[in-house]
Amino acid sequence: MRVLKYSSEAIKEAASIIKEGGLVAFPTETVYGLGASALNPEAIARVFEVKRRPHFEPLIVHIADMMELERLCLRVDDRAKKLIKEFWPGPLTLVLPKSDILPDIVTAGLRTVAIRMPSHPVALELIREAGVPVAAPSANPSGYLSPTEASHVMEQIGPEIDLIIDGGKCPLGLESTVLDISEEPTLLRAGAVPIERIKEVIGEVKISSPLKEKRRYSLRKPLKILKNGEAGSPPEGMKVGLLAFKPPADSTPFEMVEVLSLSGDLREAAANLFSSLHRLDKAEIDLIYAEPIPETGLGRAIMERLRRAEDKK
Ligand code: TXA
Ligand code: MG
């Protein structure tokens, strides 16, 4: 494991690691983030692997430049502009309609993306130097407290990542406030910017129930998870699309096949999952069969996502 105290050389090194698809923990004004290029689906899959979450969660994309915002989301309305003027750079994360340049795994398949411009100088310098938007959850394993010092990151996930930039203690020590303004303004997570201050800028804000949020990822097409070893013959007259883990022995019964990984690699499969599901959902088929995925490492999160799609009807 490597830890470098902040210096401009350390930032150059961290930026090149991020550009090449690696993982770097870095300080922000709220908590330490576990950063990867938001444009690299395999790097993002590795973030989920290190977090050991039993499911995929959409990540916050960090930017250092307002031009990036225009590239990453479809529209920035007046409400968003007012909030940005008031609170950026700083600990307010805005959920906005996402553009197509972001891979689906960053947003766990959602049509919206969470974006923030941090105010910590080390974070800003790193993002600028990397030249890509940086997706970063808090740098802790699932179920642990968010790290506010480099030593917390080291103890929790140090050996699994490429580099930690030690920029001292995070000044706020509390995560950013997450506000969805893709539709009616809705508070998704209370955080460092108090809701009262947001109301002063844009008026009424709804408070969401976290449970309802969990239900939002849905497919239009019915999906069925096959049993282990089951070939899955399509019902009479039905067009079926297959979501296969590895290349299938026989693809003739299917209208289309999406292969998640040629070599059967879970990280590659996770990186491809959401785009494959979107393609299947849009295709001219009646239903989706999904092969079961081995439930180790990222396989658990993949199966959790498939089960949620299956349950929905
Ligand atoms: O202060 C922070 O926000 C830190 C630093 C590193 O920026 N990051 C952080 O990330 O706390 P994370 O992944 O631990 O929490 C992100 C939160 C999650 O609750 C997630 O559900 C929500 O943001 N979120 C992200 N994208 C979303 C989206 N498109 N729609 C709804 N919620 C979203
Ligand atoms: Mg977190």
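On a predicted model such as this, the values are computed, not experimentally measured, just so you know.

1. Observations concerning the side chain of Asn 140
For Asn 140, the position within the fold is in the loop between β7 (134–135) and α6 (150–157). Here the side chain of Asn 140 touches Tyr 144 through a polar contact of 3.0 Å, landing on its backbone oxygen. Asn 140 has contacts with Lys 51, Leu 145, Ser 146, Pro 147 and Gln 156, leaving out every residue within four places of it along the chain.

2. Some thoughts on the packing of helix α1 (residues 8–19) against helix α5 (residues 121–130)
Between two packed helices, both the angle of their axes relative to each other and the distance between the axes serve to describe the pair. Running from N to C, α1 and α5 point in directions that differ by 50°, and their axes come no closer than 8 Å. It follows that α1 is oblique to α5 by the angle criterion. Regarding α1 and α5, the two cross each other, and that crossing is right-handed. For the pair α1 and α5, contact is made by Ser 8, Ile 11, Lys 12, Ala 14, Ala 15, Ile 18 and Lys 19 and by Val 122, Glu 125, Leu 126, Glu 129 and Ala 130, respectively. Tallied by class, residues from the contact of α1 with α5 come to 7 nonpolar, 1 polar and 4 charged.

3. Quick word on the site of ligand 1
As a matter of local geometry, ligand 1 sits amid 24 residues, with Thr 30, Glu 57, His 62, Ser 176 and Arg 189 nearest to it. A distance of 2.9 Å separates an oxygen atom of ligand 1 from a polar atom in the side chain of Glu 57. Here an oxygen atom of ligand 1 and a side-chain polar atom of His 62 are 2.6 Å apart. Listed by contribution, the elements that provide at least two residues to the shell around ligand 1 are β4 (60–62), β6 (112–116) and β10 (186–189). Broken down by element, the residue count for the shell around ligand 1 peaks at 4 residues, all from β6. In the shell around ligand 1, the residues fall into 12 nonpolar, 6 polar and 6 charged.

4. A look at the sheet that holds strand β13 (residues 240–244)
Strand order in the open sheet formed by 4 strands is β12-β15-β13-β14, and the pairing between neighbours is parallel. Each edge of the open sheet carries a strand with a single partner, namely β12 (223–225) and β14 (256–259). Going from strand to strand, the sheet's axes swing by 20° on average, the running direction of each strand aside. As paired strands, β12 and strand β15 (residues 287–290) are joined by 3 bridges and run parallel to one another. Its bridge partner lying in β15, Ile 225 is registered against Ala 290. Helix-sheet contacts for helix α9 (residues 266–282) involve β12, β13, β14 and β15, and the interaxial angle to β13 is about 175°. The strands that helix α10 (residues 298–311) touches are β12, β13 and β15; relative to β12, the one it contacts most, it runs at about 130°.

5. So, the domain arrangement of the protein chain
According to the domain assignment, the protein chain contains domain 1 (2–209) and domain 2 (223–309). Measuring from the centre of the C-alpha atoms in domain 1 to the corresponding centre in domain 2 gives 30 Å. Contacts between the two partners involve 15 residues from domain 1, matched on the other side by 15 residues from domain 2. Taken together, both faces of the contact between domain 1 and domain 2 bury some 1400 Å²; the carbon and sulfur share is 64%. It is Glu 42, Pro 54 and Phe 56 that lose the most area in domain 1 upon contact with domain 2, and together they represent 37% of the buried surface on that side. As a salt-bridge pair, Glu 49 and Arg 267 come within 2.8 Å of each other at their nearest N and O atoms. Where domain 1 meets domain 2, there are 3 residue pairs in polar contact (both at pLDDT 80 or more).

What counts, and at which threshold
- Residues numbered from 1 in each chain as written.
- Chains lettered and ligands numbered in written order.
- Predicted model: local features only at pLDDT ≥ 70, side-chain atom pairs only at ≥ 80, totals over all residues.
- Heavy atoms only, no water.
- Helix = DSSP H or I, 4+ residues; strand = E, 2+ residues; numbered from the N terminus.
- Polar contact = N/O pair within 3.5 Å; in protein donor to acceptor, adjacent residues only side chain to side chain.
- Contact = heavy atoms within 4.5 Å.
- Axes fitted to C-alpha atoms, helices over the stretch in contact; angles between N-to-C directions.
- Parallel < 35°, antiparallel > 145°, perpendicular 65-115°, else oblique.
- Left-handed = near helix turned anticlockwise from the far one by under 90°.
- Nonpolar A, V, L, I, M, F, W, Y, C, P; charged D, E, K, R; others polar.
- Near = heavy atom within 4 Å.
- Pairing = 2+ DSSP bridges.
- Domains from an automatic or database assignment.
- Buried area = accessible area lost by both parts, 1.4 Å probe.
- Salt bridge = Lys/Arg side-chain N within 4 Å of Asp/Glu carboxyl O.

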